Amino acid sequence: MAADVSPDDPFPRQRVRVDRRADGNLQMAYVEAGEGDPIVFLHGNPTSSYLWRNVIPHVQHLGRCLAPDLIGMGESDKLPDPTRGSYSFSAHAGFLERFLEAVGATERVTFVLHDWGSALGFDWAHRHPGAVRGIAFTEALVVPLTWADWPAAARGIFRTMRGPDGEAAVLEKNVFVERILPASVARGLSAEAHARYREPFADPAHRWPTLEWPRQLPIENVPPKVRDVVARYGQWLRTSDVPKLFVNADPGSILVGRPRAFVRKWEALTEVTVPGAHFVPEDSPHEIGRALADWIPTLR
């Protein structure tokens, strides 16, 4: 683990209610730092706002940085009695919508996106195009996938998680946190950082989000609702004049090959390349931060 990628987290968490039920009190935890137009950092599976701890300091002088923990993840509340489908993409999208409304981040939004956070952010931007200043992204979901697009070494375990043995692999063995996460950080994940990511999922009953996310991947047209969402926002991103910063990871993992070629056809795209596998903010947080610090001041 490189010494300059610190496991220390300088940011306290705040909490805000995101429950649509009149008698409910589900809350999302989030980081807030800086003032001005909102800069919203969205993580994916199985991470949390902790992913952005070394990136936010580079840009917190440029706006109001907000980094939520998705519901059921990080320090956010868990859904009661989860089963298959509880943590669907549409459920997360609803909670994100209410989060952004609750914290007042609904105009002049700049997104910084990774993994499933990209799908959520791209979808929100597609549905609120006039509210978005810019979109930065790395290792993102940009197009419906085939198994040929997926990393060859990961196809077996992802097929397992999407099938009848998924509960044993994830709920019992915690495979996403224990195996996939550390294997997907090129420079190594420190014991301290791994412990931080492991903490929200210590109870097997709390691991449902890390199982549902691989089942929500739009691979070979399944699930069709998520495939449709990704197809729609991908075509919008291709032609939209919203400024985009593509942080290309070298060698990368999921945004390579056909998806990478698709991204390079997008309008209003700036591209930078940084070292990284999949969890790029763990591999190259300072390179990402400096790229953002150069790009954000160019936004209208």
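Residues numbered from 1 in each chain as written. Predicted model: local features only at pLDDT ≥ 70, side-chain atom pairs only at ≥ 80, totals over all residues. Heavy atoms only, no water.

**Some points on the packing of helix α1 (residues 89–102) against helix α2 (residues 116–127)**
- At a minimum axis separation of 10 Å, α1 and α2 run at an interaxial angle of 65 degrees. Between α1 and α2 the crossing geometry is right-handed. For the pair α1 and α2, contact is made by F89, H92, A93, L96, E97 and L100 and by W116, A119, L120, D123, W124 and R127, respectively.
- Its residues assigned to classes, the contact of α1 with α2 comprises 8 nonpolar, 1 polar and 3 charged. (Axes fitted to C-alpha atoms, helices over the stretch in contact; angles between N-to-C directions. Helix = DSSP H or I, 4+ residues; strand = E, 2+ residues; numbered from the N terminus. Left-handed = near helix turned anticlockwise from the far one by under 90°. Contact = heavy atoms within 4.5 Å. Nonpolar A, V, L, I, M, F, W, Y, C, P; charged D, E, K, R; others polar.)

**Examining the UniProt feature "domain: AB hydrolase-1" (unreviewed entry) in the protein**
- This chain's UniProt record puts "domain: AB hydrolase-1" (unreviewed entry) on residues 38–158.
- In the segment residues 38–158, helix accounts for 25% and strand for 21%; the C-alpha atoms at its two ends are 35 Å apart. (UniProt positions renumbered as here; feature names shortened; annotations may be inferred.)

**Here's the deal with the pairing of strand β6 (residues 132–140)**
- Summarising burial for β6: 9 of the 9 residues are buried, a large majority.
- Pairing between strand β5 (residues 109–115) and β6: 7 bridges, direction parallel. Paired with D115 across the strands is A140, a residue of β6.
- Where β6 lies against strand β7 (residues 244–251), 3 bridges are found, and the strand directions are parallel. Each bridged residue has a counterpart across the sheet, and for F137 the counterpart in β7 is F246. (Buried < 20%, exposed > 50% of the residue type's maximum accessible area, 1.4 Å probe, protein only. Pairing = 2+ DSSP bridges.)

**Here's the deal with the pattern of salt bridges**
- Applying the stated criterion to the full structure yields 16 salt bridges.
- Residue R15 is joined to D77 by a salt bridge in which the shortest nitrogen-to-oxygen separation is 2.5 Å. Here the residue R15 occupies a position in strand β1 (residues 14–17), and D77 occupies one in the loop between β4 (64–68) and α1, the gap between them amounting to 62 residues.
- One salt bridge in this structure joins E178 and R198, with 2.7 Å as the shortest N-O distance. (Salt bridge = Lys/Arg side-chain N within 4 Å of Asp/Glu carboxyl O.)

**Here we look at the nonpolar core**
- Formed by 71 residues in total, the largest nonpolar core has its most connected members in F111, F122, I135 and F158.
- If we skip the residues at most four places from it in the chain, F158 touches W147, W150, F176, I180, P214 and L217.
- F11, A136, L189 and L292 belong to the second-largest nonpolar core, a separate cluster that totals 32 residues. (Core = buried A, V, L, I, M, F, W, Y, C linked by side-chain atoms within 4.5 Å.)

**Looking at the pairing of β5**
- Judged by how many residues are buried, β5 sits mostly within the fold: 7 of 7 residues are covered.
- Considered for its hand, the β-α-β crossover made up of β5, α2 and β6 is right-handed. (Right-handed = clockwise from strand over helix to strand, strands pointing away.)

**Considering unusual backbone geometry**
- Between N45 and the following residue, P46, the backbone shows a cis peptide bond with an omega angle of 0 degrees.
- The omega angle of the peptide bond from V222 to P223 is -5 degrees, so this bond is cis rather than trans.
- Along the chain, P223 falls in the loop between α7 (208–216) and α8 (224–239).
- The phi dihedral of N174 falls on the positive side, at around 55 degrees, and the residue is not glycine.
- Of note, N174 is situated in the loop between α4 (166–172) and α5 (175–183).
- Residues other than glycine seldom take positive phi values, yet E220 does so here, at roughly 55 degrees.
- Residue placement: E220 occurs in the loop between α7 and α8.
- A relative accessible area of 40% means that E220 is categorised as partly exposed.

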